[in-house]
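What follows is the residue order along each chain.
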Amino acid sequence: MIERACPICGGGAFRAFNGRMAARCASCGSLERSRYQWLVFRKFVPLMPGAAVAHFAPERFFMDHFAARPEIIYRAFDKYPEHYRHPEVAVRAFDLCRDLGSLEPGSFDLIMHSHVLEHLPCAAEGVLRGLARLLKPGGAMLFSVPIKGEASREGIDPAVNDEERAMRALQGEHMRVFGRRDFPAMAAEVLGQDCLVRQAEHFTPQELAAAHVPPASRGEPTSKSVFLYRKDRAA
């Protein structure tokens, strides 16, 4: 029998969340997609001392991790920094639709954002291009988005009310929903490479079970999938 433990904090107890049994780590609060994101990060993104990391809408467990690594230059950003309370990490106010030009191109070794692009009242393609410009040659971007259905659906007008947005099969404050077919194709076109980290190619069922990460049994991508872009070293 495989012993389950959160790969982020080592906790072995899990609680129900949003109708899913044993989905949330009782110690650090991580959900399934967070634990899988952590596995991908640890496997594919080794960071050397002095590496610069930009993290948008930062998760608490990553903030804790980088706060404990003083050899890494970690910068956290969010449109609403007042929502964050961390004793060691200051979150900078930042609007991805307007402020990308304020950061120097080629500044970061790693850029991270998870379930962020669906909230933006601007073109996701433009934001991905802008973020890629911020990477150093050889740098990486880790990202994920909610996936539902095959085709992406847009509704970026912020004035649209919740009822109308629900009628368009959008979700709450989300400006768009990404499709299983459309989003990988869009990301590949914008970034120039296939970015989907295919679970079955890189992690065994035993590794996933040990981290209490459910397998992508219905095919990928899903809302728990992770995408990895690596900038050409010659760029």
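Note: the structure precedes this text.
Reading the values: the criteria
Residues numbered from 1 in each chain as written. Predicted model: local features only at pLDDT ≥ 70, side-chain atom pairs only at ≥ 80, totals over all residues. Heavy atoms only, no water. Core = buried A, V, L, I, M, F, W, Y, C linked by side-chain atoms within 4.5 Å. Buried < 20%, exposed > 50% of the residue type's maximum accessible area, 1.4 Å probe, protein only. Helix = DSSP H or I, 4+ residues; strand = E, 2+ residues; numbered from the N terminus. Contact = heavy atoms within 4.5 Å. Disulfide = S-S within 2.5 Å. Salt bridge = Lys/Arg side-chain N within 4 Å of Asp/Glu carboxyl O.

Caption draft 1: Layout of the nonpolar core. Formed by 36 residues in total, the largest nonpolar core has its most connected members in Tyr-36, Phe-41, Leu-47, Phe-66 and Leu-110. With 6 residues, helix α1 (residues 32–44) is the largest single contributor of residues to this core. Not counting residues up to four positions away in its chain, the partners in contact with Phe-41 are Leu-47, Phe-62, His-65, Phe-66, Leu-110 and Leu-142. Core analysis: the second largest hydrophobic core is formed by 35 residues, Leu-96, Leu-100, Val-127 and Phe-143 among them.

Caption draft 2: View of the environment of Phe-183. One can find Phe-183 in helix α5 (residues 182–191). Classification of Phe-183 as buried rests on a relative accessible area of 0%.

Caption draft 3: Expanded view of the state of the cysteines. Enumeration over the complete set of coordinates arrives at 1 disulfide. Through a disulfide, Cys-97 is tied to Cys-122; the S-S separation comes to 2.1 Å. Taking the torsion about the sulfur-sulfur bond, which here is approximately -80°, the covalent link between Cys-97 and Cys-122 counts as left-handed. Taken together, the residues Cys-97 in the loop between β5 (91–93) and β6 (108–114) and Cys-122 in the loop between β6 and α3 (124–133) connect sequence positions 25 residues apart. Overall, Cys-97 belongs to the partly exposed group, its relative accessible area being 28%.

Caption draft 4: Spatial organisation of the pattern of salt bridges. Taken as a whole and judged by the stated rule, the model has 8 salt bridges. With a closest N to O distance of 2.8 Å, Arg-20 and Glu-32 form a salt bridge. Taken together, the positions of Arg-20 in strand β2 (residues 20–25) and Glu-32 in helix α1 put the pair 12 residues apart, joining distant regions of the chain. In this structure, Arg-60 engages Asp-64 in a salt bridge whose closest nitrogen and oxygen atoms are separated by 3.1 Å. Of this pair, Arg-60 and Asp-64 both sit in helix α2 (residues 60–67), 4 residues apart, which is roughly one turn of the helix. Here Arg-60 falls in the partly exposed class, since its relative accessible area comes to 41%. When its relative accessible area of 36% is taken as the criterion, Asp-64 is described as partly exposed.

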